[in-house]
Each structure stands twice: as C-alpha cells, then as structure tokens.
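# Geometric and topological summary
Spelled out, the chains give:
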Amino acid sequence: MQYLLNGLPLGAIYALVALSYSLIYTASGVLNWSQGDMVMLGAYLGFTFMSLAGLGFGPSFVLSMLLVAAVGVAVQRLILRPLKERGAPPINVVIATLGVAITTRNVALLVWGPNAQLLQSPVSSNPIGIGMLRITPQDLLILAMALLLMFALQYMLRRTKEGRALRAVAQDRYAAVLMGVDTNRSDAVAFAVSASLGAAAGILVAPIFFVTFNMGAGIGLKGFVAAVIGGLGYIPGAIGGGFFLGLLESAAGGQISSGYRDVITYAILIILLWLKPSGLFLRRRQQKL
Amino acid sequence: MTPAPDALDCIMEIRGISRAFGGLMALDDVSFKIKPGTVHGIIGPNGAGKTTLFNVITGMIPPSRGEVLMEGRPIPSVRPEILTSLGIARTFQNIRLFKEQTVLDNVMIGQHIHTPTPILSILLGGRRAAQGEAAARDEAMRALRFVDLGDKASKTVSSLPYGQQRLVELARALAAKPKVILLDEPAAGMNPTEKAHLIKLLSILKEDGYTIALIDHDMKVVMGNCDVITVLDHGKKIAEGTSESVHSHPDVVAAYLGKGRAEVADA
Amino acid sequence: MKSEKKHLIYLAAGLLAAASLPFVITNVYYLHVINLAGIYCLVTVGLNLLSGYTGQVSMGHAGFFAIGTYVSALSALDLGVPWLPGTILAVLSASLCGFVIAVPAMKLAGSYLVLATVGFGEIVRLVLVNWTPVTKGAAGLVGIPLPNIFGIRITSEGEFFYLILVMLILGAGIARRLADSKIGRTFIAIREDELASRAMGVPVDRYKTAAFMISAAFAGAAGSIYGAFSGVTSPDNFTFDDSVAFLCMSVVGGSRTVGGAVVGTVALVSLTELLRAFQAYRLIVYGLILIITVIYMPQGLAGLMFKKHTREESEADS
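In this text, all values refer to a predicted model and were calculated from it rather than measured experimentally. One numbering rule holds for all chains: residues counted from 1, following each sequence as written. For this description, chains carry letters from A and ligands carry numbers from 1, given in the order in which they are written. Local features in this predicted model are restricted to residues whose pLDDT is 70 or higher, and side-chain atom pairs enter the listing and the counts only when it is 80 or higher, whereas totals over whole chains, interfaces and linings include all residues. Side-chain metrics rest on all non-hydrogen atoms present in the structure, leaving aside hydrogens and water.

Below, the discussion takes up the overall build of chain B. In this description a helix means any DSSP run of H or I spanning at least four residues, a strand means any run of E spanning at least two, and both kinds are numbered starting from the N terminus. Helix and strand counts for chain B come out as eleven helices and ten strands. The C-alpha atoms of chain B give 20 Å as radius of gyration, which agrees with the globular expectation for 267 residues (18 Å, within 12%). Judged by the C-alpha coordinates and their principal axes, chain B covers about 75 × 40 × 40 Å. Counting all 267 residues of chain B, 53% fall into the buried class. Here, two residues are considered to be in contact whenever any of their heavy atoms come within 4.5 Å of each other. Taking the contacts inside chain B whose residues are at least 6 apart along the sequence as the reference set, 67% of them involve residues at least 24 apart. Each accessible area is a Shrake-Rupley estimate made with a 1.4 Å probe; only the visible protein chains count as cover when residues are assessed. Total accessible area on chain B stands at roughly 11700 Å², and carbon and sulfur atoms take up 53% of it. When charges are counted, Lys and Arg are positive and Asp and Glu negative, with His and the chain ends excluded. Taken as the charge centre is NZ of Lys, CZ of Arg, CG of Asp or CD of Glu, depending on the residue. The average position of the 30 basic charges and that of the 30 acidic charges among the side chains of chain B differ by 5 Å. Using C-alpha atoms as the atom set, the radius of gyration is obtained and then compared with a globule rule of 2.2 Å times the number of residues to the power 0.38. Burial status follows relative accessibility: with a 1.4 Å probe on protein chains alone, a residue under 20% of its type maximum counts as buried, one over 50% as exposed, and anything between as partly exposed.

Shown next, in the form of structure tokens:
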C-alpha cells in the first residue's frame with residue numbers, strides 16, 4: 001500500500017510529461033525529443049522566480065509555464081515548420097528536436113551553472129500520517145496540481161476553439177485543412193501547451209529532486225516511456241501510462257532492487273511494445289492497406 | 001519462362017470467402033473459379049469489396065470465413081511473403097513501388113525468390129555473386145523491355161510519371177515469374193494511349209499463357225479484354241459470365257445505375 | 001568503366017593519404033582523437049546499414065558497443081583470451097544481442113522502434129552498473145591488456161592507428177559489398193515499403209533480423225578495439241547520449257551511404273575538437289549544427305557531396 005502511495009506523485013509527474021509527448025504526437029504527428037528539457041527549463045525558471053526574484057509559488061508557477069510555452073512555440077516556428085515544409089522524414093524531426101535538447105541543456109548550464117539547485121517547496125515536506133500510511137504535503141500538492149492541469153487540458157481540448165481545432169487536426173489533418181483549420185497555428189498551440197505542461201511538471205518535481213541542467217534527459221525519457229505504454233497520441237492513455245509507470249517503479253524499487261528498478265521498467269516496456277504495440281489502453285489499430 | 005496452361009479447369013479457386021470489418025460485411029460468401037490462361041475481370045461499384053478480395057487472396061488480411069486454393073492447395077492467410085513461391089504476384093491500387101530505388105532495382109526485387117544469395121561470395125567479391133547479379137539484371141531488363149521501359153532502367157521510380165509507374169509495378173510482378181498475376185486497377189491514372197498500350201500488353205501475356213485477374217473501374221479495359229467477369233456488389237457476387245452476358249444482366253445494371261433507374265428500365 | 005577507374009584512383013589516393021597520417025601528425029593527442037574517430041566510424045558504418053539502408057532506426061547502439069567492449073575486455077582479464085579471439089567473441093555476443101532485440105523490433109516501426117532500442121541500450125548500461133561481481137559496477141574495468149596479434153604487440157598510438165585503419169577498411173569494405181549486393185537492395189526495399197517487399201516474396205523478418213545482427217557485429221568489433229585502446233572502461237562510456245551521438249554522426253554524414261558514416265564521424269569529431277577551446281559553448285553549437293543539418297541537408301554531408309559530384313559528371317557528359 002505504501003509503495004502505491006509513494007508511486008502516485010511520481011506517476012502524476014510522468015503523466016504530465018507523457019501528456020506533453022502525446023499531445024504533440026497526436027496533433028502534429030511528430031516526436032518531440034526536447035520535452036524533457038522543457039521540464040528542466042520550467043524547474044529552473046521556477047527556481048529563479050522564487051529564490052532569486054522573490055516571487056511567490058503561484059506567480060512563479062504561471063510565469064514559468066508561460067515562458068516555456070513561448071519556447072515551445074519558438075521550437076515549432078523555427079524547427080518543425082521548416083522541416084515539414086521540406087517534407088523531412090520523421091527521424092529527422094527526432095534528430096532536430098534532439099538538437100534542441102542538447103542546445104537547451106547547455107544554455108541552461110551556461111546560465112545557471114553546473115551546481116544542483118534546490119527549489120524551496122511552498123508546503124512542508126514532513127510526512128503526515130493517514131492511518132498506517134504516510135504522505136508528504138509536497139506529494140499532495142503534486143497530485144492536486146497535476147489533476148488540476150489534466151482537467152484544464154481536457155477543458156481546453158473540448159470547450160475552446162483552439163482545442164477543437166487541435167482535436168480536428170488530430171483526427172484527420174487533411175480534412176481539418178479543408179475545413180479551414182490553420183495547421184501551423186494548431187501545431188504552435190500543441191507545442192505551447194505541451195511545453196507548459198512540461199514546465200509545470202518541472203516546478204512540481206523540483207522540490208523532491210534537485211534542479212540540474214541535465215535533469216531533463218531522465219524525466220523526458222520516462223515520460224516518453226509512459227506515453228508509449230499508454231498508447232502514443234492517446235490522451236487518457238498518457239495519464240494512465242504515467243501513473244502505471246510511477247507505481248511500477250515504486251513497487252519494483254521497493255520490492256525487488258533499487259539498482260535494477262530501471263532495468264525492470266525497460267524490460268517491461270520492450271515486452272509490452274512487443275505484445276501490444278499500440279499501448280496498454282488502446283485496441284490494436286487496423287492497418288490500412 | 002512462360003508457364004504452360006495445364007489441364008486443370010481451374011488454377012485458383014475462391015471458396016466461400018467472407019470478411020467483416022466491425023459490423024460491415026466487406027465480403028459475403030464469395031466463391032468463383034479462375035481458369036488457367038484466361039483474363040478474369042472483377043468489377044463492381046465503389047465499396048463492392050474488390051480490393052478486399054485481392055487482399056484476402058494475397059494473404060494481406062485474413063478472411064473471416066472461407067479459403068482460397070491455388071492449384072488445389074489452400075493459400076495460408078497472413079503470410080504474403082510466400083505468395084510468389086506459389087506462383088502469384090500482384091500490383092497495388094495505390095502503387096507500392098520502392099520509390100527511392102531505381103526502376104531496375106525495383107524489378108530485381110521482384111525476382112527475389114528466383115535469385116541466389118551467396119553470402120560468402122558477396123563478402124569476398126566473388127564470381128558467383130557477380131554472375132548472379134548479372135543474370136538477375138538481364139532478366140529484369142527483359143521484363144522492363146517488355147513493358148517498353150528499358151530506357152528508364154536507371155531512373156529513380158519517383159521521377160517517373162504515374163502511368164509508367166504502373167508499368168514498372170507490372171514488370172516487377174512479371175519478374176516474380178508468376179502463374180497468376182493479380183492487377184488492382186492497372187489502368188487507373190493512365191491516359192488513353194497508355195491504356196491502349198496496357199491492353200496490348202495484357203493480350204500478349206495471355207497468349208504467353210499467364211492467367212490474369214484484374215480489377216478495374218474502366219469498362220473499356222474490362223469489357224473488351226476479359227474472358228470471364230465476376231461482378232461484386234456490397235460484398236456479394238451478383239453475376240458472372242462473359243462480358244456480353246454480364247453487361248445485360250439486370251442485377252448488374254441495377255448495381256451500376258442504382259435501383260431506381262433499373263426499375264424504370266424494367267418497367 | 002572510366003568512372004570506375006577514376007574511383008579506384010581516388011580510393012588508392014585516399015588510402016595512401018590516410019596511411020601516411022601518423023607521419024604527418026606528430027601530436028600524440030591528435031592521433032588519439034583520430035583513432036577514436038576511427039572506432040566510432042566502425043560503429044556508424046554498421047548503424048547506417050541498419051538505420052539508413054533498412055530503415056530501422058536505432059537509438060541504442062551504445063548497448064552493442066558496450067557489449068563488444070566488455071566481452072572482449074572481460075575475456076582478456078578473467079580468462080586470458082588474446083585480443084583477436086576476444087574480438088571474435090565480442091562480435092558474436094553483440095550479434096546475439098542484435099538477434100534478441102530484433103525479435104520485438106520486427107513488429108515495431110517509427111517511434112515505437114526507437115523507444116525499444118533506447119530501452120535496450122539502457123538495459124545494457126544498467127546491467128553493467130549493477131552486475132558488480134562480473135562487471136565491477138560503476139567503477140568499471142581497469143588494466144585491459146593491449147592487443148597482441150600473432151606476436152605483434154600494439155602499444156603506441158601510431159600502431160593502434162594502423163590496426164584501427166585495417167579494421168575500418170575491412171568493415172567499410174564488407175558494408176559496401178553488402179550494400180551493393182542483393183542483400184543491400186532488399187534492405188532498401190524493406191525501408192521503402194515493407195508490405196510490397198513481402199508481397200514480392202522477401203522474407204522481411206529474416207532480413208530485418210540479419211540487419212540488426214550485422215549492425216550489432218560492427219559495434220561489437222568496434223567495442224573490442226575500444227576497450228584495448230583505452231585500457232579502462234566504465235558504464236559511463238555507453239550512455240543514451242553516446243547512442244544519440246552515433247545516430248547524429250550517421251544522419252549528419254548521410255545515413256543512406258556507407259561513405260556517409262565516415263564523413264559524418266569525421267565531421268562531428270573534428271567539430272568537437274575545434275570547439276574545445278570554447279568549452280561552454282561547444283555543445284550549444286553542436287546542437288545547433290544538428291538542427292541546421294537536418295533542416296537544410298536532409299541527405300547529410302555525403303548527400304551534398306554526391307549531388308555535386310553527379311552534377312559535374314553530367315556537365316562533363318554534355
């Protein structure tokens with residue numbers, strides 16, 4: 001039970017990052033490898049606003065989400081658009097976003113230095129007991145904020161004009177174009193929303209892990225794993241995949257061996273890919289002939 | 001090179017094939033036989049199940065029920081890679097060539113099962129590999145010259161116009177030395193000259209003893225050149241026979257013109 | 001025929017130039033970098049056969065490279081196996097892993113395949129870190145013996161240079177032969193259209209497995225020389241970033257030719273060295289160059305050179 005509880009906040013973080021991968025994948029049809037570094041950017045910006053500029057947690061949270069969203073749009077405008085206009089193969093998009101990741105990471109190193117920074121949590125990290133179980137207020141904050149963001153995303157996708165355009169493009173890009181949807185705009189929206197989700201995950205996770213320039217690599221990879229487990233491009237699947245991975249890691253780390261925890265994660269991932277290539281939560285897609 | 005028409009009265013038999021997609025019956029208990037050395041047309045309005053039938057025959061999708069026999073033996077489903085060794089080769093409705101390869105390489109892939117793969121000789125740059133390649137190249141060139149594309153051999157496929165790409169696909173299928181060639185809308189996207197050329201090629205292939213099954217919308221291609229025509233509508237076989245008998249079949253007229261018009265015509 | 005002769009002359013001139021490098025470059029450090037580039041080159045050549053030709057993109061090649069290094073080094077350290085048989089062991093082990101990863105990979109494409117290969121690379125690294133009794137864990141191996149091939153001991157950078165050059169020529173030669181044969185043609189067909197390949201009788205699964213095994217074998221051989229060359233090794237040398245580096249060399253150089261692997265490796269290694277003075281900005285520039293390459297030169301540097309070459313030829317013809 002306690003492992004389950006420990007896995008939840010981690011799962012929430014993974015779910016947010018997985019959502020950011022899935023959203024871009026479904027809306028733009030590309031794999032954006034720089035998502036992990038948006039997490040890192042969000043964490044650093046949050047740290048800067050709180051510790052250096054003395055802003056509160058709330059304003060810092062919103063400000064860094066907005067700033068990272070702008071970075072997301074820049075990536076779409078400067079990199080994805082020219083690639084799409086040239087009809088580049090998908091793997092080239094992956095490599096270009098890898099380039100973004102490397103660049104972002106090292107700009108962060110230049111700006112914030114190589115030392116790990118600690119983001120002070122707005123709530124205490126002393127565990128509180130609920131019966132036999134213990135959970136920290138920070139964990140509760142992560143869960144609450146993550147759920148809030150997931151609902152906000154759902155609202156945005158269902159109720160707003162931009163969100164509907166995104167969903168239309170995700171279903172049938174060609175038809176959406178015929179209906180007058182500007183796919184460049186919807187791509188930009190997807191990149192902005194995804195980047196800000198990543199940033200949120202960064203600020204939320206920062207008080208538990210330290211903030212470092214290369215924190216994005218690990219979290220980004222795990223988030224991608226979660227997205228694939230849930231079925232890449234399937235929004236509810238990304239959330240399910242994130243929590244599944246968080247719980248799995250918590251259980252594997254606690255029950256078996258912390259050293260082999262990630263080995264188990266990746267082994268399960270490969271077996272899962274092999275047996276159910278379209279994810280845990282999605283029925284096998286019909287192959288189009 | 002040319003397979004002799006044997007004494008069998010049927011080279012391929014489609015036996016009670018059904019295929020459902022979700023709730024929709026794309027094919028509903030379809031049976032017919034293809035006689036060796038004939039050109040067998042399969043026609044029907046859009047969505048009649050023609051391409052699905054080809055995909056079932058070639059093992060790209062499994063049937064819900066029924067089986068396909070090639071020379072009396074059932075064709076295993078979902079194993080398209082053994083087709084050519086059974087003597088079946090196909091083309092695709094939406095042209096599936098290896099676009100970044102040369103025309104010649106495309107046709108040489110068609111011969112895959114007929115050419116050796118002497119790994120040691122390849123690694124050592126030996127004579128066997130070189131001779132194998134030379135023989136394969138000659139054979140492929142013969143198929144390309146047959147479709148009048150000998151001069152395009154070194155061109156990249158994606159640089160060719162649509163009609164010529166269809167012919168490359170035909171040459172690739174021929175290179176597999178099949179007994180039965182399945183052509184999925186071979187004339188689609190061709191101009192009248194190219195169509196006439198294709199029809200001429202088909203009649204030569206028939207004379208050479210090949211069995212050809214083809215799907216087409218173009219009545220000119222089908223009616224004048226097919227010995228037998230099977231008509232599908234909504235996944236069911238509604239008529240079969242020579243072009244004259246099919247042409248005047250009331251169900252066929254109804255299927256093509258819509259029920260209302262047919263009733264008017266009947267009255 | 002004439003162009004073939006010209007080609008041979010270029011090749012001979014290039015080889016002669018390469019072979020004389022140790023006499024021209026007397027700085028041991030530069031020679032060391034060149035040797036490393038040669039080893040990476042061998043990995044990238046194998047990667048191109050898999051990713052460029054067959055279209056099976058791998059982001060886990062550091063895993064195969066690691067297996068080659070550790071198998072060869074451990075069999076030398078623990079069992080006293082000489083370098084050459086150790087290399088054969090390394091090649092076989094890496095191929096075996098290629099075979100194992102090919103089983104799930106056969107059913108996957110695109111991003112899913114990429115992820116499976118990432119998972120493979122990470123598993124290898126994590127096992128190296130955690131299987132302490134055998135691999136000595138994160139601390140890694142020290143004192144890996146120098147190669148001794150039929151009594152010829154390879155000790156200096158210059159001697160390593162020739163050993164690596166021979167391996168590279170052999171590897172590139174094998175890759176070229178494969179690429180220009182029926183096997184290479186079939187690899188490309190699978191990349192272009194898997195279903196159509198199947199319909200034409202190509203046993204796609206078998207060819208994909210072969211591509212994985214061949215590609216892994218190249219990385220395994222490179223790993224074997226890497227361990228002996230470095231003398232020490234640890235799991236840190238085989239991270240995801242290293243897999244990415246191999247893929248970048250492949251794409252920047254041009255993944256669809258064997259020569260592209262050489263061009264890409266040389267370009268990226270020299271770039272890293274040129275930027276060494278600007279330590280802090282080095283990786284930033286590296287990242288930007290990656291982005292610019294895939295946007296403006298999708299066929300890689302080799303694609304660019306090749307295009308220019310054919311244009312010159314057609315001008316000469318007319």
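Structure shown, so let's carry the discussion forward.
What follows deals with the sheet that holds strand β9 (residues 228-233) of chain B. Residues and elements named next belong to chain B. If DSSP finds at least two bridges between two strands, the strands pair. Strand order across the open sheet formed by six strands is β6-β7-β8-β3-β9-β10, with mixed pairing between neighbours. Of all strands in the sheet, those with a lone pairing partner are β6 (88-90) and β10 (236-241), marking the two edges. On average, adjacent strands in this sheet sit at an angle of 15° to one another, irrespective of strand direction. Here β6 pairs with strand β7 (residues 180-184) via three bridges, running parallel. The residue of β7 that forms the bridge with A89 is I181. Together, β3 (39-43), β7 and β8 (211-215) form the strand contacts of helix α7 (residues 192-207), whose direction differs from that of β8 by roughly 150°. With axes taken as lines fitted to C-alpha atoms, and helix axes fitted only over the stretch in contact, angles between N-to-C directions fall between 0 and 180 degrees.

Before going further, it helps to examine helix α14 (residues 279-296) of chain C. Counted at 1.5 Å a residue, the expected span for α14 of chain C with its 18 residues is 26 Å, and the 26 Å between its end C-alpha atoms agrees. Buried positions along α14 of chain C lie against α3 (57-85) and α4 (90-112) of chain A together with α12 (240-253) and α13 (258-274) of chain C. For a helix, the expected span equals 1.5 Å multiplied by the residue count minus one.

Before going further, it helps to examine the domain arrangement of chain B. Residues and elements named next belong to chain B. Where each domain starts and ends follows an automatic or database-derived domain assignment. Its domain assignment divides chain B into domain 1 (1-87 + 178-267) and domain 2 (97-175). Each partner contributes to the interface: domain 1 provides 18 residues, whereas domain 2 provides twelve residues. Salt bridge, as applied in this entry: a Lys or Arg side-chain nitrogen positioned within 4 Å of an Asp or Glu carboxyl oxygen. At the boundary of domain 1 and domain 2, one finds zero salt bridges. Taken together, the elements giving at least two residues each to the side of domain 1 that touches domain 2 come down to α2 (83-86), β7 and α7. Among the elements that make up the side of domain 1 that touches domain 2, the one with the highest residue count is α7 (six residues). Note on residue classes: Ala, Val, Leu, Ile, Met, Phe, Trp, Tyr, Cys and Pro are nonpolar, Asp, Glu, Lys and Arg are charged, and everything else, Gly too, is polar. Classifying every residue of the side of domain 1 that touches domain 2 gives eleven nonpolar, four polar and three charged.

Glancing now at the interface of chain B and chain C. Opposite the 30 residues of chain B that make contact, chain C presents 25 residues. Between chain B and chain C lies a buried interface of about 2400 Å² when both sides are counted; carbon and sulfur atoms form 64% of it. Looking only at chain B, the three residues that lose the most surface to chain C are E81, H112 and I122 of chain B, adding up to 24% of its buried area. On inspection of chain B and its partner chain C, the count reaches three salt bridges. Of all the secondary-structure elements, those providing two or more residues to the side of chain B that touches chain C are α2, α3 (103-110), α4 (119-124) and α6 (162-175) of chain B. Tallied by class, the residues present in the side of chain B that touches chain C amount to 16 nonpolar, seven polar and seven charged. By buried area we mean how much accessible surface two parts lose on assembly, using a 1.4 Å probe and totalling the loss over both.

Applying the stated rule across the entire model yields 27 salt bridges over all chains. Between K222 of chain A and D262 of chain A there is a salt bridge, with the nearest N and O atoms lying 3.3 Å from each other. Pair noted here: K222 of chain A is in helix α9 (residues 215-230) and D262 of chain A is in helix α11 (residues 261-275), with a separation of 40 residues, a long-range link. Summarising the burial analysis for this pair, K222 of chain A and D262 of chain A share the class buried. A salt bridge links E139 of chain B to R142 of chain B; the shortest N-O distance between them is 3.8 Å. Of this pair, E139 of chain B and R142 of chain B both sit in helix α5 (residues 127-146), three residues apart, which is roughly one turn of that helix. Given the relative accessible area of 21%, E139 of chain B is considered partly exposed.

Attention shifts here to the pairing of strand β1 (residues 12-21) of chain B. All names here are of chain B. Among the ten residues of β1, seven are classified as buried, and the element is accordingly described as predominantly covered. One ladder, built from seven bridges, connects β1 with strand β2 (residues 24-34); its direction is antiparallel. Looking at the pairing, F21 lines up with L24 of β2. Where β1 folds back onto β2 in an antiparallel hairpin, the turn is made up of two residues, including G22, whose phi is positive at roughly 60°.

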